[in-house]
Amino acid sequence: KRAGQGEWVLHADAQRAAQHSKQMSQWKQRLQHALGSEGLTLSFQPILDLATGLVSHFEALVRMRLPDGSIASPAEFIGVAEETGLIHRVDRWVLNESIRMLREMAERRPDIGVAVNVSGPTLMRNDFVSTLTEIIKHSRLSRPRLIIEITETAALRDIKAAGAAMSELCQLGCEFALDDFGIGYSSFAYLRELPFSYVKLDGSYVRQALKDQRNQAFIRAMVLLANGYQLKTVAEFVESQALQDFLAEAGVHYGQGFHIAKPGPLPDWVLGEGTG
Ligand code: C2E
Ligand code: MG
Ligand code: MG
Ligand code: MG
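Residue positions within a chain follow its written sequence, with the count starting from 1. Numbering of ligands from 1 and lettering of chains from A proceed in the order in which they are written. Reporting of local features is limited, given that this is a predicted model, to residues whose pLDDT is at least 70; pairs of side-chain atoms are given and counted only at 80 or more, and all residues count toward the totals for whole chains, interfaces and linings. To get the side-chain values, take all heavy atoms of the structure and skip hydrogens and water.

## Here we look at the state of the cysteines
Selection rule: Here, a disulfide means two cysteine sulfur atoms that sit within 2.5 Å of each other. Per-residue accessibility, obtained with a 1.4 Å probe over protein chains only, is compared with the maximum for each type, and a residue is labelled buried under 20%, exposed over 50%, and partly exposed between these values.
Counting across every chain of the model gives 0 disulfides. Looking at Cys170, it has no disulfide partner, and the nearest cysteine sulfur is the one in Cys174, 7.5 Å off. What makes Cys170 partly exposed here is its relative accessible area of 25%. According to the relative accessible area criterion, Cys174 is buried, its value standing at 4%.

## Details of the packing of helix H3 (residues 87–105) against helix H5 (residues 128–139)
The condition is simple: A fitted line through C-alpha atoms serves as each axis, taken over the contacting stretch for helices, and the angle formed by two N-to-C directions is quoted from 0 to 180°. By the criteria applied, helices consist of DSSP H or I runs no shorter than four residues and strands consist of E runs no shorter than two, each listed in order from the N terminus. Roughly parallel means an angle under 35 degrees; roughly antiparallel, over 145; roughly perpendicular, 65 to 115; everything else is oblique. Handedness of a crossing is defined here by the sense of rotation of the near helix relative to the far one, left-handed for an anticlockwise turn of less than a right angle and right-handed for a clockwise turn. Residue contacts follow a heavy-atom distance rule, with two residues in contact if any of their heavy atoms lie within 4.5 Å. Three residue categories are used. Nonpolar comprises Ala, Val, Leu, Ile, Met, Phe, Trp, Tyr, Cys and Pro, charged comprises Asp, Glu, Lys and Arg, and polar comprises the others, including Gly.
Where H3 meets H5, the closest approach of the two axes is 10 Å, and the angle between their N-to-C directions is 25 degrees. Taken together, the axis directions place H3 and H5 in an arrangement best described as roughly parallel. Handedness of the crossing formed by H3 with H5: right-handed. Side by side, H3 and H5 meet where Arg92, Leu95, Asn96, Ile99 and Arg103 of the first sit next to Phe128, Thr131, Leu132, Ile135, Ile136 and Ser139 of the second. Looking at the contact of H3 with H5, its residues break down into 6 nonpolar, 3 polar and 2 charged.

## Observations concerning the site of ligand 1
For the record, the criterion: The cutoff for a nearby residue is simple: one of its non-hydrogen atoms must lie within 4 Å of the molecule or strand. What qualifies as a polar contact is a pair of N or O atoms within 3.5 Å, subject to a donor-acceptor requirement within protein and to the restriction that residues adjacent in sequence count only when both atoms come from side chains. Note on areas: Shrake-Rupley, 1.4 Å probe, and residue coverage restricted to the protein chains presented here.
For ligand 1, the set of nearby residues contains 24 residues, the closest of which are Arg63, Asn117, Asp179, Glu239 and Phe258. In this structure, an oxygen atom belonging to ligand 1 sits 2.8 Å away from a side-chain N or O atom of Asp179. In the environment of ligand 1, a nitrogen atom lies 2.6 Å from a nitrogen or oxygen atom belonging to the side chain of Glu239. In isolation ligand 1 exposes 810 Å². Once the protein is present, 86% of that is buried. For the shell around ligand 1, the secondary structure elements donating two or more residues are strand S2 (55–65), helix H2 (74–84), H3 and strand S6 (175–181). Element by element, the count of residues in the shell around ligand 1 is highest for S2, at 4 residues.

## Some thoughts on the coordination of the magnesium ion (ligand 2)
For clarity, the cut-off: Metal coordination here is assigned from N, O and S atoms located within 2.8 Å of the ion, or within 3.2 Å for Na, K and Ca; omission of water means that sites may look incomplete.
Here the magnesium ion (ligand 2) is held by the protein donor atoms Glu59 (OE), Asn117 (OD1), Glu149 (OE) and Asp179 (OD), which lie 2.0 to 2.2 Å from it. Written as a sequence motif, the donor arrangement for the magnesium ion (ligand 2) is E-x57-N-x31-E-x29-D. In this structure, the magnesium ion (ligand 2) lies 3.8 Å away from the magnesium ion (ligand 3), the two metals sharing Asp179 as a donor. With Glu59 in strand S2 and Asp179 in strand S6, this pair connects stretches of sequence that are 120 residues apart. The class for Asp179 is buried, based on a relative accessible area of 6%.

## Notes on the pairing of strand S7 (residues 198–201)
Selection criterion: Here a strand pair is declared whenever DSSP counts at least two bridges between the two strands. A crossover counts as right-handed when, viewed with the strands pointing away from the observer, the path leading from the first strand over the helix to the second turns clockwise.
Of the two faces of S7, the one lined by Tyr198 and Lys200 and the one lined by Val199 and Leu201 are each fully buried. Bridge analysis of S6 against S7 gives 3 bridges, and the strand direction is parallel. Bridging across to S7, Leu178 finds its partner in Val199. What joins S6 to S7 is helix H7 (residues 188–193), and the crossover it makes is right-handed. Pairing analysis gives 4 bridges linking S7 to strand S8 (residues 232–235), with the strands arranged parallel. Within S8, the residue paired with Val199 across the bridge is Thr233.

Now the structure itself:
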């Protein structure tokens, strides 16, 4: 009986693996198609200065148009993009498009920035600095307000190499945010050793902050640390006014979430005449 069960388990595992690789190759195909046919789009979500209530910048969030007209979220395809190495093409497209939007905003609102998510492996590619330098040069914007959110911090383990790439990009006027801080690979050493300007407190702490004292303790402690390190804190998943009030009172600098606005197209007030 035991052997039979073992066999059954093995069979189920093999089936699951086969299913996974089938789905992987399907997403890989869709992604390759999207990259070659203007199938990617960006949604923008505003990030508010909680003390003034004014928009500081927008986070660019990628989506994929599927052939049936539906929209796939990054949770569905970023993992596959990373596993197949297509991520650097996605990240490059997002950077190009974000700089293009910054150029459209430059006339009316040069003070408002765009934050892009760049995966760790992309940051660590030896052509990343030169590619981004080229994109910025080509835009003829002198110091675009570009914030680079690092999402996959496993790649940051080579702190020396990451620091070198980041410092070069700081020279061009780029700033860095450590995303989803408090879960996964995030380490305090990154905040101490690398030239970050922002630390984004993971949504899982923020969203439950009013219900759980421990999350409030985390947020207050991070504000204290960030102030000492001269970093700005950003809270994601601000889902209610009560939460926004708590965060402002706790001294969190910026907030982002469905209560403020859902991701969508850039609003007319940041775009030049006739481009909105
Ligand atoms: P992230 O960088 O932490 O982005 C925040 C995510 O939280 C976004 O999901 C956003 O829509 C969602 N969000 C914002 N406010 C709220 C809220 O109040 N409640 C809830 N429940 N969710 C909220 P999205 O757009 O699905 O992106 C998921 C993740 O995919 C991002 O997390 C980021 O890690 C990755 N990603 C998105 N765009 C890109 C990209 O262009 N390149 C790369 N490499 N990764 C990306
Ligand atoms: Mg992000
Ligand atoms: Mg985040
Ligand atoms: Mg997140």
